[in-house]
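In case you want the letters, here they are:
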Amino acid sequence: MNPTMRTARTTPSHQPAHTKNTARTTQTTTTARTPQATSAVHAAQATNTVRATHTTPTVQTTPTKSTKSTKSTMPTMPTEPTRGSRPHPLATRTPPTARRQLNLATRHQLTTAAGIPPGTITSRTRPGGPWQRLLPRVYLLQTGPPDQRQRALAAVLYAAEPGSDPLSGDTAALTGGAALALLGIREAPYAPADVLIRAPRRLAGAPEVRPLPTARWPRTITVSGIPSTRPVRAAADFAARADQPADQIRSVLAHVVQSGWCHPRDLHTELRASRLLTRPAIRAAAAELLAGVRSVAEAQARDTLSATDLPTPLWNARLHTPDGTFLASPDAYWPDEGVALEIDSAEYHYTRDSWHATLRRRLRLESHGVLVVSATPSMIRDTPDEVIAALRTFLTLATTRPTPPTALARGHQQLLLPL
């Protein structure tokens, strides 16, 4: 190839206009000149081209044979990001899987489903990065702190099998105190989160997660987008592994029943299937729930009354008027004497509206001939003799009064303790 023509092709498009005109004129005239004249013209053109190249700065955009060494040293697209490099295109937006999972994703989901390189995950989870590592192989794709729902779901994602759908509840399900806390049960701890996994699979635990292998896989439900066990199973699992005082276990189990999440007989059956009734504290709590007790204060009142010669009351009986209108549900009620015990704690009477509601309920009971004894949990605990004396007086007066109470305990059935 003529060296003059090669130089003309490598000259960039932004070279001066007179250089382009010179090259164009040379091409048109070389066809009409003799070989000797053509050689002279080519020599002059090469001289002019070299001068133009030295006077006009050029930027080479198309590599040629003379730039082989430059092409071999150009950096290729790195498989893992380096400091200062652009993030992976898929890492700049939230994967669809994370949107279904409260902005959470596992390492398997990010690398397999989203196609994000492991190096990108490591880079974006560095301190100050846009992602956070909540648990091993579980990432929160946001900069703000996680809430309780995200922490609970992160525990399920950590325990679920990598190739399964963690939201299906087939390989991992939240249980215990964390599952009860999602339902609004007071005093149920969010952490550590107990997660059921199918036996014989084993999984290393973490400070925030306790994997619990089980051969009795339960029916699961979805609570706030998190696969969980039913409340009755969650309550049994909480009682089995709770290291809290006995009163707190009684309180949590009572709140589960009082909130209507399960029937006391169903809870007793689950506790028996879990072989927990051999523990004295759990067996006592189950017996109290079958008797109608729904709080620790009521349980303490029941213990106090059991040590006296007073008749056994109905706990949380639903009272109605003769025409069937609901009247109230006192904590303890003696139907033959028409005497009720109301345990009013400051927790439920903190506001003026709640206190007025309590007074109106007491007026309804008294208007139908029910004698009401009011006490606080601290009175039951610290001065039980005074409460017993007031109840004894009312029970004695009720036997001699001419007009019996008009309140009826309809539909109440005292549950017996299963053997």
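The model shown is predicted, which means the values in this text are computed figures rather than measured ones.

Requested: an account of the overall build of the protein chain, with residues and values cited.
In terms of regular secondary structure, the protein chain is built from 17 helices and 15 strands. Among the 419 residues that make up the protein chain, the fraction classed as buried is 41%. Contacts in the protein chain between residues at least 24 apart in sequence constitute 58% of all its contacts with a sequence separation of at least 6. Carbon and sulfur atoms make up 55% of the accessible area of the protein chain, which totals about 23,300 Å².

Just give me the short version of the confidence of the model for the protein chain, but keep the residues and values in it.
When pLDDT is averaged along the protein chain, the result is 79, and 74% of the positions lie at 70 or above. Taken element by element, the protein chain is modelled with least confidence in helix α4 (residues 68–72), mean pLDDT 39, and with most confidence in strand β4 (residues 172–175), mean pLDDT 97. The low-confidence segment residues 1–44 (pLDDT under 50) makes 26 contacts with residues lying over four places distant or belonging to another chain. Note on residues 415–419: pLDDT is under 50 here. Beyond four places in sequence and across chains, it has 15 contacts.

Before we move on, could you go through the pattern of salt bridges and cite the residues and values that matter?
Across all of its chains, the model carries 13 salt bridges by this definition. In this structure, Glu-270 and Arg-216 form a salt bridge, with 3.2 Å as the shortest nitrogen-oxygen distance. In this pair, Glu-270 sits in helix α12 (residues 264–273) while Arg-216 sits in the loop between β6 (209–214) and β7 (220–223), placing the two residues 54 residues apart along the sequence. Residue Glu-270 is classed as buried on the basis of its relative accessible area, which comes to 13%. A salt bridge links Asp-303 to Arg-250, with the nearest nitrogen and oxygen atoms 3.6 Å apart. In this pair, Asp-303 is assigned in helix α14 (residues 296–306) and Arg-250 in helix α11 (residues 246–258), connecting sequence segments 53 residues apart. With relative accessibility at 40%, the residue Asp-303 sits in the partly exposed group. The buried category is assigned to Arg-250, whose relative accessible area is 15%.

Give a description of the packing of α11 against helix α13 (residues 280–291) that names residues and reports values.
Packed helix pairs are characterised by how far apart their axes lie and by the angle those axes make with each other. In contact at an axis separation of 10 Å, α11 and α13 are set at 35° when each is read in the N-to-C sense. α13 is crossed by α11, and the crossing has right-handed handedness. When α11 is examined against α13, the residues Ala-246, Arg-250, Leu-253, Ala-254 and Val-257 are found in contact with a partner set consisting of Ala-281, Ala-285, Glu-288 and Leu-289. Within the contact of α11 with α13, the residues separate by chemical class into 7 nonpolar, no polar and 2 charged.

Can you lay out the sheet that holds strand β1 (residues 104–106) for me, pointing to particular residues and giving the numbers?
Here we have 3 strands laid out as an open sheet, ordered β1-β3-β2, and antiparallel in their pairing. Two strands lie at the open edges of the sheet, namely β1 and β2 (132–135), each paired on one side alone. Mean inter-strand twist for the sheet, computed between neighbouring axes without regard to direction, equals 35°.

What counts and what doesn't
Residues numbered from 1 in each chain as written. Predicted model: local features only at pLDDT ≥ 70, side-chain atom pairs only at ≥ 80, totals over all residues. Heavy atoms only, no water. Helix = DSSP H or I, 4+ residues; strand = E, 2+ residues; numbered from the N terminus. Buried < 20%, exposed > 50% of the residue type's maximum accessible area, 1.4 Å probe, protein only. Contact = heavy atoms within 4.5 Å. Areas by Shrake-Rupley, 256 points an atom, 1.4 Å probe, with all protein chains shown as cover. pLDDT = per-residue confidence, 0-100. Salt bridge = Lys/Arg side-chain N within 4 Å of Asp/Glu carboxyl O. Axes fitted to C-alpha atoms, helices over the stretch in contact; angles between N-to-C directions. Left-handed = near helix turned anticlockwise from the far one by under 90°. Nonpolar A, V, L, I, M, F, W, Y, C, P; charged D, E, K, R; others polar. Pairing = 2+ DSSP bridges.

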